[in-house]
Amino acid sequence: TGTAAVSEPETTGGAGAAVGEIPETALLIGMIFMLVIALTILAYMRMRGLSPGEMFGIRQLPVKRAILLGAAALALTYPAMIVVRNLTQEFLFHGIWPDDTLQETIQAFQSTGGLFFKLMLGAAAVVIAPVAEETIFRGFLYGATKRFSDRWFAAIFTSLVFACVHRHVGSA
């Protein structure tokens, strides 16, 4: 997931950050930016009188059934993603794409020693980025596409756009 607006900091002089580090202020600005985008989309939906549940494609299910359905979907989807990823990398993109090097966010997490920064990075990667991405892709893009097509096309289209944005062939 795209956790923050990440750019490689300059390493001029002795006070510069090491390559792969993300300054705390840049991480905080990225977190705030993602939250502002998500809240703006939700506010727009509310102003237009659109139901977030309808736009997100969420039906109300009892909690037990939702958990069982999610677990079953994960049990079926995860192995399928691994197989598809391995097949596409082996036969279609062998040695070309995707890049298997560590993401900048992971490099920054590993290279920093500060607990506060690691907690911020964890919150950004585990809470803020997924909420913002769900709002953008499922809430806005899926909902808007579904209004002009059927739900299957909207789901496939949104998934492909998500995979392309994240450059992840296996998810596609």
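That block above? That's the structure.
As the structure is a computational prediction, the values presented were derived from the model and not from experiment.

1. Here we look at the overall build of the protein chain
Along the backbone of the protein chain there are 6 helices and 0 strands. Written out in order from the N terminus, the α and β elements of the protein chain read α-α-α-α-α-α. Restricting to contacts in the protein chain with at least 6 residues of sequence separation, those with at least 24 account for 67%. A total accessible area of about 12000 Å² is found for the protein chain, and carbon and sulfur atoms account for 68% of it.

2. Structural notes on helix α1 (residues 24-47)
For α1, which comprises 24 residues, the first-to-last C-alpha distance of 34 Å matches the rise-based estimate of 34 Å (1.5 Å per residue) to within 8%. Every buried residue of α1 is listed here: L27, G30, M31, M34, A38, I41 and M45. Looking at the packing, one finds that the buried side of α1 touches α2 (52-55) and α5 (115-148). A positive phi of about 75 degrees marks G49, the residue just after α1.

3. Some words on the pattern of salt bridges
Scanning the entire structure with this criterion turns up 1 salt bridge. Of the charged contacts in the structure, one is a salt bridge between R138 and E134, with a shortest N-O distance of 3.2 Å. Placement of both R138 and E134 in helix α5 is noted, with a separation of 4 residues, approximately one turn of the helix. By relative accessible area, R138 is classed as partly exposed at 38%.

4. Re the packing of α1 against α5
Relative orientation of the contacting elements α1 and α5 amounts to 25 degrees, with a least axis distance of 9 Å. Compared by their axis directions, α1 and α5 come out roughly parallel. For the pair α1 and α5, the crossing hand works out as left-handed. A breakdown of the residues in the contact of α1 with α5 according to their chemical character gives 21 nonpolar, 2 polar and 1 charged.

5. Regarding the packing of aromatic side chains
Applying the stated criterion across every chain, the model contains 2 aromatic pairs. For the ring pair F137 and F162, a centre distance of 5.1 Å and an interplane angle of 85 degrees mean the geometry is edge-to-face. Residue F137 is located in helix α5, and its partner F162 is located in helix α6 (residues 151-165); the two are separated by 25 residues in the primary sequence. Arranged with centres 5.9 Å apart and planes meeting at 10 degrees, the rings of F153 and F157 form a pair that is stacked. With F153 and F157 both in helix α6 and 4 residues apart, the pair spans about one turn of that helix.

Conventions adopted
- Throughout, residues of each chain are indexed from 1 in the direction in which the sequence is written.
- The predicted nature of this model means local features are confined to residues of pLDDT at least 70 and side-chain atom pairs, given and counted, to a pLDDT of 80 or more, with totals for whole chains, interfaces and linings taken over all residues.
- Side-chain descriptors were evaluated using all non-hydrogen atoms of the structure, hydrogens and water having been removed beforehand.
- Numbering of helices and strands starts at the N terminus; helices are DSSP runs of H or I of at least 4 residues and strands are runs of E of at least 2.
- By the convention used here, residues are in contact when the closest approach between their heavy atoms is within 4.5 Å.
- Note on areas: Shrake-Rupley with a 1.4 Å probe; residue coverage comes only from the protein chains shown.
- By this rule, a helix spans an expected 1.5 Å times one less than how many residues it contains.
- For each residue, the accessible area found with a 1.4 Å probe, counting protein chains only, is set against the maximum for its type, and the residue is called buried under 20%, exposed over 50%, and partly exposed in between.
- Here a salt bridge means any side-chain nitrogen of Lys or Arg lying within 4 Å of a carboxyl oxygen belonging to Asp or Glu.
- To obtain each axis, a line is fitted to C-alpha atoms, and for helices this fit is confined to the stretch in contact; angles are then taken between N-to-C directions over 0 to 180 degrees.
- Angular relationships are summarised with four words: roughly parallel below 35 degrees, roughly antiparallel beyond 145, roughly perpendicular across 65 to 115, and oblique for the angles in between.
- In this scheme, a crossing is called left-handed if the near helix is turned counterclockwise away from the far one by less than a right angle; it is called right-handed if the turn is clockwise.
- Only Asp, Glu, Lys and Arg are considered charged, only Ala, Val, Leu, Ile, Met, Phe, Trp, Tyr, Cys and Pro nonpolar, and every remaining residue, Gly among them, polar.
- In summary, the pairing rule links any two rings of Phe, Tyr or Trp, Trp by its six-membered ring, whose centres are within 6.5 Å, and it sorts them by plane angle into stacked for under 30 degrees, edge-to-face for over 60 and tilted for everything else.

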